[in-house]
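This is what each chain is made of:
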Amino acid sequence: MAMLLSEKQIAQLKRRVRETPHPREMVLDVLHAIQDANGWVSDEGIELAAIILGLSPLQVEEIATFYDKIYRRPVGRKVIHICDSICCWSRGSETLMLRLQQLLGIAAGETTTDGMFTLLPTCCLGACADAPAVRIGKTLYGKVAPEQLETILDGERTEVKS
Amino acid sequence: MPTLIIDNQTVTVPEGTNVLEAAKRLGIEIPHFCYHEALGSVGACRLCAVEFREGPVKGIQMSCMTPAKDGMVVDTGSAEVLAYRAQVIEWLMTNHPHDCPVCDEGGECQLQDMTVAGGHGIRRYTGPKRTYQNQNLGPFIVHEMNRCIQCYRCVRTYQDYCGGTDFGVLGSRQRLYFGRFSDGPLESPFAGNLVDVCPTGVLTDKTYRFKSRVWDLQEAPSICPHCSLGCAVTPGARYRQLQRRRARLNNQTNGHFICDRGRFGYGYANHPDRPRYPLVGHRRVTWQEALAAMQSKLQELGELFGSGSIGLLTSSRATLETQFLTKRWAAALGSDQLCFEAHPRRDFASRVAASQQLDRSASLEDVRNCDLAVLIGADPLSEAPMLALALRQAARRGARIVIVDPRPVVLPVAFERHAVSVDKFSQLLRGLGRPQQGDFSSSMEELGGSLANALLAAQRPLLIGGTDLLGPQGTQALQHAAKACSQPEKPCRTMFMLTGPNSFGGALLSANGPGFDSLMEGMEQGRIKALLCFEADPLADYPDRKRSRAALARLDMLAVFDCAATATVQESDFFFPTTTVEESVGTLINNEGRMQTFEQVFSAGTPLAESASGSHPPRFFTRDIPGSEPQSAWGILSALMGRSADLDALRREIEKNDHRFAGLSQLKANGEGRRIAIPSQHPESLPLNIASSIGSDQLQLLVTETLYGSELLSSLSPCLQELIPAPFVTVHPQDATRFKLEEGKKVLLGTPMGDLTLTLRIEGDMVPGVAIVPRLRGTVLEPLVPGTESLPCRIEKV
């Protein structure tokens with residue numbers, strides 16, 4: 001379990017939890033730390049988070065499974081979230097989803113064979129003013145046109161290589 | 001107090017009452033799923049919609065989320081509302097499987113009722129339904145997530161009300177999943193309540209699975225017999241088999257819920273080893289033969305040795321009717337050797353507890369509403385589990401909970417903890433009895449003093465004691481302390497956890513009668529030749545088993561009337577099978593002095609499942625029902641005294657004979673019961689405390705009750721038996737180091753009752769110098785009985 005995070009990281013997180021009046025405030029921070037280090041959060045990751053937070057695994061899992069940006073299954077190096085909520089949908093997110101599926105050769109929910117991208121719909125990215133929005137990794141793209149997607153994907157690939 | 005009009009009827013309700021509850025007062029049932037009186041409103045299911053025509057809000061609103069206000073005019077059944085509800089039900093049904101024919105909830109399913117009532121008979125949705133993998137949730141609960149309608153009642157019950165942390169809600173939106181992190185038994189000792197609160201068949205009783213349709217069950221209001229709290233339950237039986245127990249509402253005691261020991265402890269009634277026939281010298285005979293043989297033997301002994309040679313014993317398991325008639329029969333026999341509890345220290349502690357002013361006595365409802373509870377020598381989860389749940393509700397409302405106890409105490413809520421050994425209790429209680437004073441002679445007295453000040457400052461203070469650790473003297477001291485911490489307008493109430501469901505009744509009837517110690521001496525000296533035990537097990541319950549075995553062996557005659565195969569039954573010369581609580585009627589007085597009657601659920605008989613060995617019922621014909629010979633103990637006593645077994649007449653007699661039981665004949669089994677009006681006399685003399693000296697190489701032995709395995713009847717229930725832990729002993733880390741002991745390893749515990757090999761547990765949250773063992777029936781720990789003075793013991797590696 002210790003391999004999911006370094007001893008030092010665990011000690012740091014535990015200290016921050018101790019300093020927080022309500023440990024539950026720290027659930028997402030701990031989960032993100034584990035996800036950043038491993039790409040996703042495994043069952044062992046949930047159990048480790050529970051130990052760090054002094055909560056039961058269930059209490060951590062309740063939060064981990066509520067948010068779709070916490071990945072409870074292995075994902076590609078970068079996750080593409082396409083917003084399908086009302087603003088983005090009315091501005092053409094369905095076309096973006098189809099175009100991305102074509103470009104990547106995968107269906108929604110799948111990961112490319114090279115392990116580069118996972119394609120997921122999401123219900124909101126908080127970028128309604130910039131609809132339609134797409135998030136790749138931690139970069140948010142607003143007012144995305146279908147023809148921009150290829151360039152965006154190329155950019156994201158090179159960024160990983162460099 | 002807002003006044004509003006609902007369906008053309010005017011109603012005035014307390015401020016803060018929601019419209020759904022206000023309608024209920026008028027007898028108008030607004031359909032709902034997620035609202036629950038004990039859990040509150042969340043407005044999740046959208047079913048309780050009503051139309052507001054006039055007043056501060058207008059249009060369709062959720063009645064559970066809308067507080068009643070002056071001037072509201074509400075229509076609960078307008079065409080628009082009905083259409084709205086039908087729509088909601090249709091949404092809920094889009095994902096609900098059509099598996100009612102194989103679902104255990106069928107017949108008591110709120111979803112079924114609401115779907116039919118809502119007029120939604122034909123499904124228009126033809127798409128695929130959402131499905132889930134179910135989890136194994138342990139021995140009590142079956143999980144069938146496909147049936148879920150997302151009302152959140154289970155999570156609100158399990159986490160909010162009961163304080164469980166291992167069952168919750170996962171995912172979001174259409175992917176909601178109510179379950180655990182991974183398969184495994186639910187950890188909360190109140191998990192069984194999920195069965196009652198789930199409005200559909202997601203969480204059902206595993207022990208009752210596929211046994212009956214609910215409309216085939218025989219049910220009646222009853223009382224749980226597995227501790228002294230007297231929680232209201234509804235048992236269900238079919239084919240002469242007790243098949244389940246559900247919680248029944250009593251706002252003064254358990255509220256809506258019960259513990260798992262109460263819910264799943266029912267198996268004792270169906271136990272295959274239950275003795276069902278009268279026996280004389282272990283030979284099966286008819287009732288007439290057995291009664292005649294016993295009476296002629298009694299007469300013979302009476303003539304030879306006088307009426308004082310006959311001893312009578314009942315227990316806290318016996319009903320008030322049985323206890324009363326035992327007393328009557330003792331008088332008829334001319335014997336004063338009558339006792340209501342085989343454990344002298346527990347007996348006198350109960351007598352002290354029953355002697356306090358009853359307006360000072362706290363009900364579980366008082367516990368839920370207190371703002372400070374100080375518990376001395378009490379482990380609620382083990383000794384009276386629903387008290388733990390009541391304390392949690394108090395804490396959720398902001399109450400401070402303080403526990404002073406030598407044991408590692410666990411509660412489903414955070415509390416303040418003082419690990420104090422039993423021999424410091426007297427100092428602590430002295431301090432507790434002296435609020436607002438400063439000159440304390442010890443730190444323990446000072447702690448007591450500071451708690452006393454807090455009790456004095458609290459608005460609704462409460463002192464709770466476990467009589468096992470306090471003993472008679474401690475119980476008395478706690479009552480004095482409560483008096484000292486009381487003010488006229490805000491009394492400090494007390495609650496004591498007693499031995500069994502009718503300890504209080506026995507205590508009231510015993511007055512200044514002898515304790516079982518004096519009967520023991522009588523037997524040992526040969527003065528007492530016969531002992532008659534009514535639902536009492538002196539061999540298992542008297543703290544010194546060697547002594548009780550030797551004393552019983554000296555008797556010329558031992559007659560036992562019981563419903564379980566106890567240790568004493570094995571030794572009996574005459575045995576008479578009695579009915580269980582569910583098979584008869586009677587009255588039990590709980591630990592706060594509340595008389596509660598219960599009705600008969602079904603008639604005793606060998607369950608068909610057993611007599612037919614799981615196959616077709618026997619094909620031969622007789623007039624008798626197999627195994628139907630058990631009779632109520634009070635019925636047998638009536639017959640022995642040549643009286644008719646008329647319950648109403650008996651209750652009127654009890655009432656007339658002893659004004660403390662006033663109102664008994666008027667009690668309804670489905671009501672809230674009735675407090676005893678007048679306390680009993682304080683016992684004139686209490687058995688002395690005999691503290692054994694503990695050597696430097698010894699530990700103090702502390703035997704305690706535990707959730708599963710200590711209480712006799714529930715320990716016979718098959719589904720609870722698998723939860724009884726392997727025999728263990730718990731010591732403080734200091735002592736583990738001192739005696740070079742390791743966690744999980746076998747150790748030898750040398751006790752006055754013999755040497756026992758046990759598994760070691762090390763626990764930091766307890767006092768050093770003590771070895772704690774649970775009472776576990778049917779294991780090597782069986783001879784160790786809680787509620788005794790502390791004894792010395794040795795501990796060493798094996």
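Residues numbered from 1 in each chain as written. Chains lettered and ligands numbered in written order. Predicted model: local features only at pLDDT ≥ 70, side-chain atom pairs only at ≥ 80, totals over all residues. Heavy atoms only, no water.

Draft legend 1. Representation of the overall build of chain B. When its secondary structure is counted, chain B shows 26 helices and 34 strands. By the compact-globule yardstick of 28 Å for 798 residues, chain B fits well, its C-alpha radius of gyration being 28 Å. In terms of overall dimensions, chain B has C-alpha extents of about 85 × 80 × 55 Å along its principal axes. The buried share of chain B, reckoned over its 798 residues, is 61%. In the form shown here, chain B has an accessible surface area of approximately 30100 Å², with 50% of it arising from carbon and sulfur atoms. (Helix = DSSP H or I, 4+ residues; strand = E, 2+ residues; numbered from the N terminus. Rg over C-alpha atoms; globule rule 2.2 N^0.38 Å. Buried < 20%, exposed > 50% of the residue type's maximum accessible area, 1.4 Å probe, protein only. Areas by Shrake-Rupley, 256 points an atom, 1.4 Å probe, with all protein chains shown as cover.)

Draft legend 2. Quick look at the pattern of salt bridges. One pass over the structure, following the stated rule, counts 55 salt bridges over all chains. Of the charged contacts, one joins A:Lys78 and A:Glu156 as a salt bridge, the two residues approaching to 2.4 Å between their closest N and O atoms. Within this pair, whereas A:Lys78 is found in strand β1 (residues 78-83), its partner A:Glu156 is found in helix α7 (residues 149-161), the two being separated by 78 residues in sequence. The pair formed by A:Lys78 and A:Glu156 is uniform in burial state, with each residue classed as buried. A network of salt bridges, in which partner residues are shared, links B:Glu108, B:Glu219, B:Arg244 and B:Arg246. (Salt bridge = Lys/Arg side-chain N within 4 Å of Asp/Glu carboxyl O.)

Draft legend 3. Main features of the domain arrangement of chain A. Domain parsing of chain A yields domain 1 (2-64) and domain 2 (78-161). Relative to domain 2 of chain A, the C-alpha centre of domain 1 of chain A lies at a distance of 28 Å. (Domains from an automatic or database assignment.)

Draft legend 4. Highlighting unusual backbone geometry. Put simply, A:Ala131 and A:Pro132 share a cis peptide bond, and its omega is -5°. Mapped onto the fold, A:Pro132 is located in the loop between β2 (117-122) and β3 (134-136). In this model, B:Asn8 sits at a positive phi of 70°, which is unusual for a non-glycine residue. Position of B:Asn8 among the secondary structure elements: in the loop between β1 (3-6) and β2 (9-12).

Draft legend 5. Layout of the interface of chain B and chain A. Every contact between the two is made by 13 residues of chain B and, on the other side, 12 residues of chain A. Carbon and sulfur atoms supply 60% of the area buried between chain B and chain A, which totals about 990 Å² over both sides. Of all residues in chain B, B:Thr165, B:Leu170 and B:Phe181 give up the largest surface area on contact with chain A, accounting jointly for 57% of the area buried on that side. For the interface between chain B and chain A, the tally reads zero salt bridges. On the surface where chain B and chain A come into contact, there are four residue pairs in polar contact (both at pLDDT 80 or more). Per-element accounting of the side of chain B that touches chain A gives the leading share, three residues, to strand β7 (residues 168-170) of chain B. (Contact = heavy atoms within 4.5 Å. Buried area = accessible area lost by both parts, 1.4 Å probe. Polar contact = N/O pair within 3.5 Å; in protein donor to acceptor, adjacent residues only side chain to side chain.)

Draft legend 6. Up close: the nonpolar core. If you look at the biggest cluster of nonpolar residues, it comprises 77 residues, and the most contacted ones within it are B:Met294, B:Ile376, B:Leu432, B:Leu463 and B:Leu532. When residues no more than four places from it in sequence are discounted, the contact partners of B:Met294 are B:Trp329, B:Leu532, B:Met557, B:Ala559, B:Phe561, B:Phe574, B:Phe576 and B:Leu640. Ranked by size, the runner-up nonpolar core spans 72 residues in total, among them A:Leu55, A:Val60, B:Leu170 and B:Val202. (Core = buried A, V, L, I, M, F, W, Y, C linked by side-chain atoms within 4.5 Å.)

Draft legend 7. Up close: the packing of aromatic side chains. Residues and elements named next belong to chain B. Enumeration over the complete set of coordinates arrives at 11 aromatic pairs over all chains. Taking 6.2 Å as the distance between ring centres and 80° as the angle between the ring planes, the aromatic pair formed by Trp329 and Phe534 counts as edge-to-face. With Trp329 in helix α8 (residues 320-333) and Phe534 in strand β23 (residues 530-534), the pair connects residues that are 205 residues apart, well separated along the chain. In textbook terms, an aromatic cluster arises when at least three aromatic residues are bridged by ring pairs, as seen for Trp287, Trp329, Phe534, Phe561 and Phe576. The ring of Phe728 carries Arg761 above its face, with NZ or CZ at 3.5 Å from the centroid. (Phe/Tyr/Trp six-rings, centres within 6.5 Å; stacked < 30°, edge-to-face > 60°. Lys NZ or Arg CZ within 6 Å of the ring centre and 35° of its normal.)

Draft legend 8. Expanded view of helix α22 (residues 633-640) of chain B. Residues and elements named next belong to chain B. The element α22 is extensively covered by neighbouring structure, given that seven of its eight residues are classed as buried. Buried within α22 are the following residues: Ala633, Trp634, Gly635, Ile636, Leu637, Ser638 and Leu640. Where the residues of α22 are buried, they touch α7 (287-305), α8, β23, β24 (557-562), β25 (574-577) and α23 (647-657). At the exit of α22 stands Gly642, carrying a positive phi of roughly 70°.

Draft legend 9. Structural context of the pairing of β25(B). All names here are of chain B. Because side chains alternate across β25, one face comprises the buried residues Phe574 and Phe576, and the other comprises Phe575 and Pro577, equally buried. Looking at chain direction, β24 and β25 are connected through four bridges and run parallel. Bridge pairing in β25 places Asp562 opposite Pro577. (Pairing = 2+ DSSP bridges.)

Draft legend 10. Layout of the packing of helix α13 (residues 425-432) of chain B against helix α15 (residues 467-484) of chain B. Residue and element names in this part refer to chain B. It is the contact of α13 with α15, at a shortest axis distance of 9 Å, that shows an interaxial angle of 10°. Considered as vectors, α13 and α15 are oriented roughly parallel to each other. Handedness of the crossing formed by α13 with α15: left-handed. Contacts from Phe425, Leu429 and Leu432 of α13 reach α15 at Leu469, Leu470, Gly474, Ala477, Leu478 and Ala481. Its residues assigned to classes, the contact of α13 with α15 shows eight nonpolar, one polar and no charged. (Axes fitted to C-alpha atoms, helices over the stretch in contact; angles between N-to-C directions. Parallel < 35°, antiparallel > 145°, perpendicular 65-115°, else oblique. Left-handed = near helix turned anticlockwise from the far one by under 90°. Nonpolar A, V, L, I, M, F, W, Y, C, P; charged D, E, K, R; others polar.)

Draft legend 11. Quick peek at the domain arrangement of chain B. Domain assignment breaks chain B into domain 1 (3-93), domain 2 (130-270), domain 3 (279-343 + 506-607 + 626-675), domain 4 (351-498) and domain 5 (699-797). With centres defined by C-alpha atoms, the gap from domain 1 of chain B to domain 5 of chain B works out at 54 Å.

Draft legend 12. Structural detail: the pairing of strand β32 (residues 754-762) of chain B. Residues and elements named next belong to chain B. Relative to β32, strand β30 (residues 728-731) is paired through four bridges, and the arrangement is parallel. Bridge assignment links Val731 to a residue of β32, and that residue is Ile762. Connecting strand β31 (residues 746-751) to the antiparallel partner β32 that follows it, the hairpin turn spans two residues.

Draft legend 13. Seen up close, the environment of B:Asp160. All names here are of chain B. Of note, Asp160 is situated in helix α4 (residues 153-161). When its relative accessible area of 33% is taken as the criterion, Asp160 is described as partly exposed. Sequence spacing of Asp160 and Gly605 is 445 residues, and the spatial spacing of their C-alpha atoms is 41 Å. Other than its neighbours up to four places away in sequence, Asp160 contacts Val155, Arg392 and Arg396.

Draft legend 14. Local environment of the sheet that holds strand β27 (residues 594-598) of chain B. Read from one edge of the open sheet, three strands run β26-β27-β28 (chain B), paired in antiparallel fashion. This sheet does not close on itself; its edge strands, each paired only once, are β26 (586-589) and β28 (674-675) of chain B.

Draft legend 15. Just the packing of helix α1 (residues 7-19) of chain A against helix α3 (residues 43-53) of chain A, in detail. All names here are of chain A. Closest axis-to-axis distance for the α1/α3 pair is 9 Å, and the angle between their directions is 50°. Classified by the angle their axes make, α1 and α3 are oblique. Counted together, Ile10, Leu13, Lys14 and Val17 of α1 and Leu48, Ile51, Ile52 and Leu53 of α3 form the full contact between these two elements.

Draft legend 16. Structural view of the sheet that holds β25(B). Residues and elements named next belong to chain B. The seven strands are arranged β15-β14-β25-β24-β23-β16-β17 in an open sheet whose pairing can be described as mixed. Both outer strands of the open sheet, β15 (283-284) and β17 (338-339), are each paired with one neighbouring strand and no more. Bridge count between strand β16 (residues 310-314) and β17: two bridges; the pairing is parallel. Bridge pairing in β17 places Leu312 opposite Leu338. Sheet strands touched by α8: β16, β17 and β23. Its angle to β16, the strand with the most contacts, is close to 175°.

Draft legend 17. The arrangement of the state of the cysteines in detail. Residues and elements named next belong to chain A. For the structure on display, the rule yields zero disulfides over all chains. Here Cys87 is not cross-linked by a disulfide; its sulfur's nearest cysteine counterpart is in Cys128, at 4.2 Å. Residue Cys88 stays outside any disulfide, its sulfur separated by 3.5 Å from that of Cys83, the closest cysteine. (Disulfide = S-S within 2.5 Å.)

Draft legend 18. Region of interest: α13(B). Residue and element names in this part refer to chain B. Residues Phe425, Leu428, Leu429, Gly431 and Leu432 constitute the buried set of α13. On an axial view of α13, the arc spanned by its buried residues comes to 155°, and they lie on one face. Tucked into the core, α13 has its buried residues touching β18 (372-376), β19 (400-404), α14 (443-457), β21 (461-466) and α15. (Arc of directions from axis to C-beta.)

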